[in-house]
There are 2 protein chains.
Amino acid sequence: MHRLDLKIRLHCGADIAIGPGKADLLEAIQQTGSISAAARSLGMSYRRAWLLVETMNRCFTSPLVTTLAGGRHGGGAQLSELGVQVLQRYRELCDQALAAVQDGLDDLGALLANPTPVPR
Amino acid sequence: MHRLDLKIRLHCGADIAIGPGKADLLEAIQQTGSISAAARSLGMSYRRAWLLVETMNRCFTSPLVTTLAGGRHGGGAQLSELGVQVLQRYRELCDQALAAVQDGLDDLGALLANPTPVPR
């Protein structure tokens, strides 16, 4: 009947170091081994994916995504050890936050009227 | 150095029943006793505030905001008992979620590079 949406964003100065979109991108790079394939799988332009990667790489103590020999488009990309770690910790944070609010959410959800179905 | 942004939205069918913006609006109505004054204090148009109130009122089992005699603009508005309760529970949910991720956040924050200062 009801659905909770919980979003965590970690800001670093003027930038968002990690948030839902960047975490999804890291995961897609991990799965596809390429920034362009990851961007495609998320319906995102290559340019946008590259900018998100650049921001993440700048925000942390060392790059989260490393590109392999062959140039930006050619050689593929992978998560660094730190990238794997940041992705995992971020997902854990979100899971912990969700678990913490589950009881309160049920209380609040009980106060909702019957929703009109989501049009699809 | 780093800052966490945690947003909780409770969806009800196609609508957002309560989220950060609607909670701020409830609080402003509680403080000002009027939808138009609340809208002004948040830099929001009266029309937008009214639409948000309408959505909230529709999403819950009974209205969160009641308008007083004198018409929409004239008579003021206040939170119903349910409105007070929903606002309080929502703020508690957000606080609980934030408290739950504090340790993990410190771990993740320790992996951030020194941020460039936020321009203001």
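Predicted, not measured: the structure shown is a model, and the values here were computed from it.

**A word on the pairing of strand E1 (residues 2-12) of chain B**
Successive side chains on a regular strand alternate, one facing one side of the sheet and the next facing the other. Pairing between strand E1 (residues 2-12) of chain A and E1(B): 11 bridges, direction antiparallel. The residue of E1(B) that forms the bridge with Leu4(A) is Leu10(B). In the sheet, E1(B) pairs with strand E2 (residues 15-18) of chain B via three bridges, with the strands oriented antiparallel. Bridging across to E2(B), Leu10(B) finds its partner in Ile18(B). What sits between E1(B) and E2(B) in their antiparallel hairpin is a turn of two residues, with Gly13(B) showing a positive phi close to 60 degrees.

**Some points on helix H3 (residues 46-59) of chain A**
Given a rise of 1.5 Å per residue, 14 residues ought to cover 20 Å, and the 20 Å separating the end C-alpha atoms of H3(A) matches this to within 8%. If you check which residues of H3(A) are buried, you get Tyr46(A), Ala49(A), Trp50(A), Leu52(A), Val53(A), Thr55(A), Met56(A) and Cys59(A).

**Here we look at the interface of chain A and chain B**
At the interface, 42 residues of chain A touch 42 residues of chain B. Our enumeration of links across chain A and chain B arrives at zero salt bridges. At the junction of chain A and chain B, the tally comes to 11 residue pairs in polar contact (both at pLDDT 80 or more). Counting only elements with at least two residues in the side of chain A that touches chain B, the list comes to E1, strand E2 (15-18), H3 and helix H5 (81-109) of chain A. Looking at the side of chain A that touches chain B residue by residue, the classes come out as 27 nonpolar, eight polar and seven charged.

**Observations concerning the side chain of Asp5(B)**
Secondary-structure assignment places Asp5(B) in strand E1. Residues within four places of Asp5(B) in sequence aside, it is in contact with Lys7(A), Ile8(A), Arg9(A) and His11(A).

**A word on the relation of the copies chain A and chain B**
For the pair chain A and chain B, the superposition axis carries a translation of 0.0 Å, the fit reaches an RMSD of 0.0 Å, and the rotation angle comes to 180 degrees. Viewed as a symmetry operation, the transformation between the two copies matches a two-fold axis. Closest approach to the rotation axis within chain A is made by the C-alpha atom of Ala97(A), at a distance of 2.2 Å. Of the residues that chain A buries at the interface, 100% are likewise interface residues in chain B, meaning the two copies contact each other through the same surface.

**Quick look at the sheet that holds E1(A)**
Strands sit in the order E2(A)-E1(A)-E1(B)-E2(B) across an open sheet of four strands; the sheet is antiparallel. Of all the strands in the sheet, just E2 of chain A together with E2 of chain B have a single pairing partner and so form its edges. Mean inter-strand twist for the sheet, computed between neighbouring axes without regard to direction, equals 50 degrees. The sheet contacts of helix H1 (residues 20-32) of chain A involve E1 and E2 of chain A, and relative to E2(A) the element is tilted by about 45 degrees.

**Topic: the state of the cysteines**
Following the criterion strictly, the structure yields zero disulfides over all chains and no others. In this structure Cys59(B) is not part of a disulfide, and its nearest cysteine sulfur, from Cys12(B), lies 4.4 Å away. Here Cys59(B) falls in the buried class, since its relative accessible area comes to 3%. The cysteine Cys94(B) is free of any disulfide, with Cys94(A) supplying the nearest cysteine sulfur at 14 Å.

**Some thoughts on the packing of helix H1 (residues 20-32) of chain B against helix H3 (residues 46-59) of chain B**
Residue and element names in this part refer to chain B. For the pair H1 and H3, the least separation of the axes is 10 Å and the interaxial angle reads 105 degrees. On the basis of their axis angle, the class for H1 and H3 is roughly perpendicular. Contacts between H1 and H3 involve Lys-22, Leu-25, Leu-26 and Ile-29 from the former and Ala-49, Leu-52, Val-53, Thr-55 and Met-56 from the latter. Here the contact of H1 with H3 is composed, by residue class, of seven nonpolar, one polar and one charged.

**Brief notes about the pattern of salt bridges**
One pass over the full model with this rule turns up eight salt bridges over all chains. Linking Arg58(B) and Asp15(B) is a salt bridge whose minimum nitrogen-to-oxygen distance equals 3.0 Å. In this pair, Arg58(B) sits in helix H3 while Asp15(B) sits in strand E2, placing the two residues 43 residues apart along the sequence. Relative accessible area serves as the criterion here: at 48%, Arg58(B) is assigned to the partly exposed category. One salt-bridge network, in which partners are shared between bridges, spans Asp24(A), Glu27(A) and Arg91(A).

Cut-offs and rules
Residues numbered from 1 in each chain as written. Chains lettered and ligands numbered in written order. Predicted model: local features only at pLDDT ≥ 70, side-chain atom pairs only at ≥ 80, totals over all residues. Heavy atoms only, no water. Pairing = 2+ DSSP bridges. Helix = DSSP H or I, 4+ residues; strand = E, 2+ residues; numbered from the N terminus. Expected span 1.5 Å × (residues − 1). Buried < 20%, exposed > 50% of the residue type's maximum accessible area, 1.4 Å probe, protein only. Contact = heavy atoms within 4.5 Å. Salt bridge = Lys/Arg side-chain N within 4 Å of Asp/Glu carboxyl O. Polar contact = N/O pair within 3.5 Å; in protein donor to acceptor, adjacent residues only side chain to side chain. Nonpolar A, V, L, I, M, F, W, Y, C, P; charged D, E, K, R; others polar. Least-squares fit on C-alpha atoms with pLDDT ≥ 70 in both. Axes fitted to C-alpha atoms, helices over the stretch in contact; angles between N-to-C directions. Disulfide = S-S within 2.5 Å. Parallel < 35°, antiparallel > 145°, perpendicular 65-115°, else oblique.

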